[in-house]
Amino acid sequence: MDDDTIAALSTPVGIAGIALIRVSGKNTLGIINNIVERIPKKIIPKRAYHAFIVNESKRVDECVVTLYKKPNSYTGEDVAEISIHSNPFIIEEVLDLILRNNARGALPGEFTYRAFKNRKIDLIQAESVNELINANSKYYASMKFDNLEGKLSELIKKLRANLIKLGIKIETIIEFEEDQFLEEIDIIDEIQKSSKIIEKILLNSRFTEVLNKGLSIVVAGKVNVGKSSLFNLLLMEDRSITSHTPGTTRDFIRERVYINGLPFEITDVAGIDKVIKDSVEQEGIKRTYEKIKKSDAVVFMLDASRELDETDLKIFKTIKDKQRLIVINKIDIANRNILKKIRSNFEKEKIYEISVKENINIDVVFSFLNGLVNNIKNRDINFIVNQRQKELLKRLEGFLRPLVKMSKTKESNAEIIAEEIRSAIKVIAELTGNISSDEILNGIFSEFCVGK
Amino acid sequence: MKVVVIGAGHAGIEAAYAASKMGAKTTLVTIHLESIAQMSCNPSIGGIAKGHLVKEIDAMGGIMARAADSTGIHFKILNRSKGPAVRATRTQNDKVKYRDFMKNFLEKCENLRVYQSIVSEVVIKNGKVKGVRFVEGNELMADAVIVACGTFLNGKIYIGNTIYNAGRSNEPSSTHLAENIKELGFKTIRLKTGTPMRLHSDSIDWENFEPQPGDDPPVPFSIFTKFKVKNRITCYLGYTTPKVKQVINDNLDLSPLFSGKIDGIGPRYCPSIEDKIVKFPNRERHHFYLEPEGLNNKEIYANGLSSSLPVHIQEEILKSIPGLDKSVMMRPAYAIEYDAIVPTQLNHKLESKKIDNLYFAGQVNGTSGYEEAASQGLVAGINAVLKLKNKDPFILRRDEAYTGVLIDDIVTKGVDEPYRLFTSRAEFRLQLREDNAFERVSGYGLKFGLLDNKLFAKEMRKLKKRKDAINKLRKTKLKFKDRTYTLYHLLKMPEIDFDKLEELNGSKILKSKTLTDVSYIEANVKYEGYIKIQNDEVKRMEKLERIKIPEHIDYSKIDGLSTEVRQKLIKNRPLNLRDALKISGVTPAAINAISIYLTLKTKIL
Ligand SMILES: Nc1nc2c(ncn2[C@@H]2O[C@H](COP(=O)(O)OP(=O)(O)OP(=O)(O)O)[C@@H](O)[C@H]2O)c(=O)[nH]1
Ligand SMILES: [Mg+2]
């Protein structure tokens, strides 16, 4: 187990602007040479190199690479630390690339475990290591498929059952030649079914479809409350986007931003006014309501300097069953009575007082956005395939793909097909637990009338 | 150095021969001198996985393969059209000749006495074997005893409502020894098996059946065999009818299997005809084979029609099958129930964990099949002598031999039905082939003196010839579909086998070639990539095996384990990480968690 090279993301997704991927083991140097461009052949240890990650000669991201030679590293093995932009898609691609270059996803606590084994950590530290590993493996255990309810675990179970069926069929072909002429055993169908399931899981593994296109957030409120000001502030957070439209918003502006490395699609809409001036505006308002309806969450903005009015209440009605953050803006020029009145009208709601202009309490908006991501993660955990699981599924796919072609000559290749299926079963076993040869034999006897 | 072997069946014979050849004064005890090496069930040796065992026995110097060739009357390679790893030899044998061959062979062995009596007791003193006592009351001192008494422990035969004690049709069973074994504290389980009826050849209308001729040319089993083997009979294939189904369904209550009289667990791979009809009700017909039991013998073995129904129902079944409707039954089918010891009470040498120098081999360990028995007999015989000589034990690994797979399976996992070997039980199936049995295990035969230098050298030359041919394939280039390949590369292609390769090459690659040559070459070329991966796996497993799990480990202290996995570990109590990983439902992540726990524990605490 300790012979292979392991890799994992060391910083949690969405916490910093930079993500750190750590690689440890014999192949570390080889991996760096294969995937990093513009780095000297002779890398000096402990020096940070600014370079590029390349995938099939296409640049994926810039990076900073630092190499630590054995035994002067955290784990006591060759270690590379690769910093890249903390964008989940980039992280995913880079990790994929590393794993394809002869490494495997690290198990929880595995870096620390190796550090400990190679006596890089002393006895006092070891106690806390133990705790850390336990905590990690608990987390890992909770990520295990069979502990999960729902769609993903269902699919994995189906895949497992399919592979066992495949095993049963091919083993019957091998073990019971003289009984077989009685049964037409078709294995291609089973292979295709399995491949389809894997495809389905992988397709949905991109951090859920929601995260794929970004969480959509609408900033809503009546005219002139400061929506565009907040929108611009959020855009500023993401330095990559510089252009923005100033002035009163006539229709809507939509921008994709990364906040803490996670994608959002934020929509700044036209303010809603009780006096509907012209039909163009009316059309805009209708569209605003639609935007709200389709969004994942809404930031509803009130004005601390103006009386609460019917429009505020009307807008509130439209967001009632949405995930929402309610803020009273312009707290810097607030009127006490108005504040009181607003609060009394939204007694059951949690309302934050902010000032976009004076940058007061803006953190609530950011933590609301981060919280949304976590919510979605929790809600859709059944469908979040972690890197290790994904790696396994891709390997599984790799075993199954050539089988369809092979199976056309299943007679002469039966034992090789069986070998591939065994490898595939081993992969699924890493997710769902070992499958013993007895299980396959049991299947043979219950499904086929064999034996004399 | 004295060894006693109880039982002269397929296990006992190999055990006694190996022990005597290795220098022990050996006594082989049999109830009946005439029934030495009796094939109590089907008249054949080998088959898929079983043939592999026979080749291993042969390569280590055992007798079974030679006997099979010398008395063979029909030779066939099963899975011939599939790849080399699963090709397997099977012979049909003349049962009488087989017995005669073995009796003659054993009678001529130095250091070996074949003795007719019944052992009533194994004499034990201070946890050590002292010898055996016979029913006549006399004792025989011995340094080691090998129990190979097959199904004779409390054997009970069932035919319909008729039940009688017997080890084999009308031979006495060993009730004293059975009691003695229980007294010694061995746990036993009740198992069951069955055998079909034997029919008179002249009463069968052969026109109704499809002939199943042997291979042309027939391929022998043994490296000892110098003569040309010959097919002398043909087997036949037939089918049951809907009428048979009806007869059985109407009379199920007469079967002790279904009326609950038999508690023993039968082998699922050897279902009785009533089993098959009940389990697969949609099937209108079931196939069976008619196999002659010998040349000067009219008995025909109805392979596939085993049953425990009363004799008159068996007759009715026969009447419902065209071609057998006028057949005359010579022996009825029966089911037999017997005691086997729980094999987890043995170590990998097949020696009792409790009693020194007491070994068990064969069907008494809960296995089934002549070949499974013989290979255990050989291992037990060798180990009995090695221990008396203070030498290292002989334990075959799972990646080295099917014999290793078989013994490891039964002594670590136990059995819950009569254990039969399947190729799917081997993790390293592509390595464990008939064609390389010699390469895998003949070294042991040589080392223990069971294989002589001359034969070994001769086979080594053949092996070298195969290896040279592979090298030649690497060097020879050939144009194929507008591209140039080495022959080696071409042979890797799924659609090209060795014959096809020679055809493409336009000339012979080997001057004369046997099936072993062809299979060996094909396997080494076609499986190359897989074998590399498997070798890595072997190394990984060896590493895991070296990490021992302390007996009193507290699994509740390991946090990363799911409740389900924890329960399985507590139940199975694996001795090392490899055994833990073998348990169904245990993940590599769980193994990792245990490994981390163990390292931390030994390094910190
Ligand atoms: N005092 C104060 N003024 C603010 C604050 N936020 C925004 N403003 C001002 O309020 C005015 C309207 O701001 P916008 O961001 O354009 O408002 P809006 O909601 O987008 O307006 P519409 O698009 O017309 O609906 C501008 O003059 C801002 O400078 C704040 O926190 N305090
Ligand atoms: Mg605006």
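Read on for a plain summary of the structure. (Residues numbered from 1 in each chain as written. Chains lettered and ligands numbered in written order. Predicted model: local features only at pLDDT ≥ 70, side-chain atom pairs only at ≥ 80, totals over all residues. Heavy atoms only, no water.)

## Structural notes on the overall build of chain B
Then step 1. Secondary structure summary: chain B contains 20 helices and 23 strands in total.
Then step 2. Its C-alpha atoms give chain B a radius of gyration of 25 Å, within 12% of the compact-globule value 25 Å for 605 residues.
Then step 3. Each of the three principal axes of chain B carries a C-alpha extent, and together these read 70 × 70 × 55 Å.
Then step 4. Buried residues in chain B amount to 61% of all 605 residues.
Then step 5. Contacts in chain B between residues far apart in sequence, at least 24 positions, make up 72% of those at least 6 positions apart.
Then step 6. Charge separation in chain B, taken as the distance between the mean sites of 95 positive and 72 negative side-chain charges, equals 6 Å. (Helix = DSSP H or I, 4+ residues; strand = E, 2+ residues; numbered from the N terminus. Rg over C-alpha atoms; globule rule 2.2 N^0.38 Å. Buried < 20%, exposed > 50% of the residue type's maximum accessible area, 1.4 Å probe, protein only. Contact = heavy atoms within 4.5 Å. Lys, Arg positive; Asp, Glu negative; His and termini not counted. Charge placed at Lys NZ, Arg CZ, Asp CG, Glu CD.)

## Some remarks on the pattern of salt bridges
Pairing is possible between side chains of opposite charge, provided their charged atoms come close.
Then step 1. Taken as a whole, this structure holds 63 salt bridges over all chains when the rule is applied.
Then step 2. Overlapping salt bridges bring together R398, D408, D409, K413, E427, E545, R578, D579 and K582 of chain B as one network. (Salt bridge = Lys/Arg side-chain N within 4 Å of Asp/Glu carboxyl O.)

## Overview of the interface of chain B and chain A
Then step 1. Counting residues at the interface gives 67 residues for chain B and 62 residues for chain A.
Then step 2. Both sides of the chain B and chain A interface together cover about 5,600 Å² of buried area, and 54% of this is carbon and sulfur.
Then step 3. Where chain B meets chain A, there are 4 salt bridges.
Then step 4. Across the salt bridge formed by R429 of chain B and E171 of chain A, the nearest N and O atoms sit 2.7 Å from each other.
Then step 5. Elements with a contribution of two residues or more to the side of chain B that touches chain A: β4 (72-78), β16 (235-239), α8 (273-279), β17 (287-292), α17 (528-546), α19 (577-582) and α20 (588-604) of chain B.
Then step 6. For the side of chain B that touches chain A, a count of residues per class yields 29 nonpolar, 18 polar and 20 charged. (Buried area = accessible area lost by both parts, 1.4 Å probe. Nonpolar A, V, L, I, M, F, W, Y, C, P; charged D, E, K, R; others polar.)

## A closer look at a positive patch on the surface
Then step 1. Taken together, the side chains of K226, K454, K458 and R461 of chain B present a region of like positive charge at the surface.
Then step 2. Structurally, the position occupied by K226 of chain B is in the loop between β15 (210-212) and β16. (Patch = residues over 30% accessible without salt bridge, like charges linked within 9 Å, V, L, I, M, F, W, Y side chains within 5 Å. Areas by Shrake-Rupley, 256 points an atom, 1.4 Å probe, with all protein chains shown as cover.)

## Here we look at the packing of helix α1 (residues 10-21) of chain B against helix α10 (residues 370-388) of chain B
Residues and elements named next belong to chain B.
Then step 1. At a minimum axis distance of 7 Å, the contact between α1 and α10 shows a crossing angle of 30°. When the axis of α1 is compared with that of α10, the two are roughly parallel. Handedness of the α1/α10 crossing: right-handed. Here H10, A11, E14, A15, A18 and A19 of α1 come into contact with α10, specifically with Y370, A373, A374, G377, L378, G381, I382 and V385.
Then step 2. When the residues that make up the contact of α1 with α10 are grouped by side-chain class, the tally is 10 nonpolar, 3 polar and 1 charged. (Axes fitted to C-alpha atoms, helices over the stretch in contact; angles between N-to-C directions. Parallel < 35°, antiparallel > 145°, perpendicular 65-115°, else oblique. Left-handed = near helix turned anticlockwise from the far one by under 90°.)

## A look at the environment of E290 of chain A
Then step 1. Following the sequence through the fold, E290 of chain A ends up in helix α10 (residues 279-294).
Then step 2. Residues E290 of chain A and T318 of chain A, spaced 28 residues apart in sequence, show a C-alpha to C-alpha distance of 9.8 Å.

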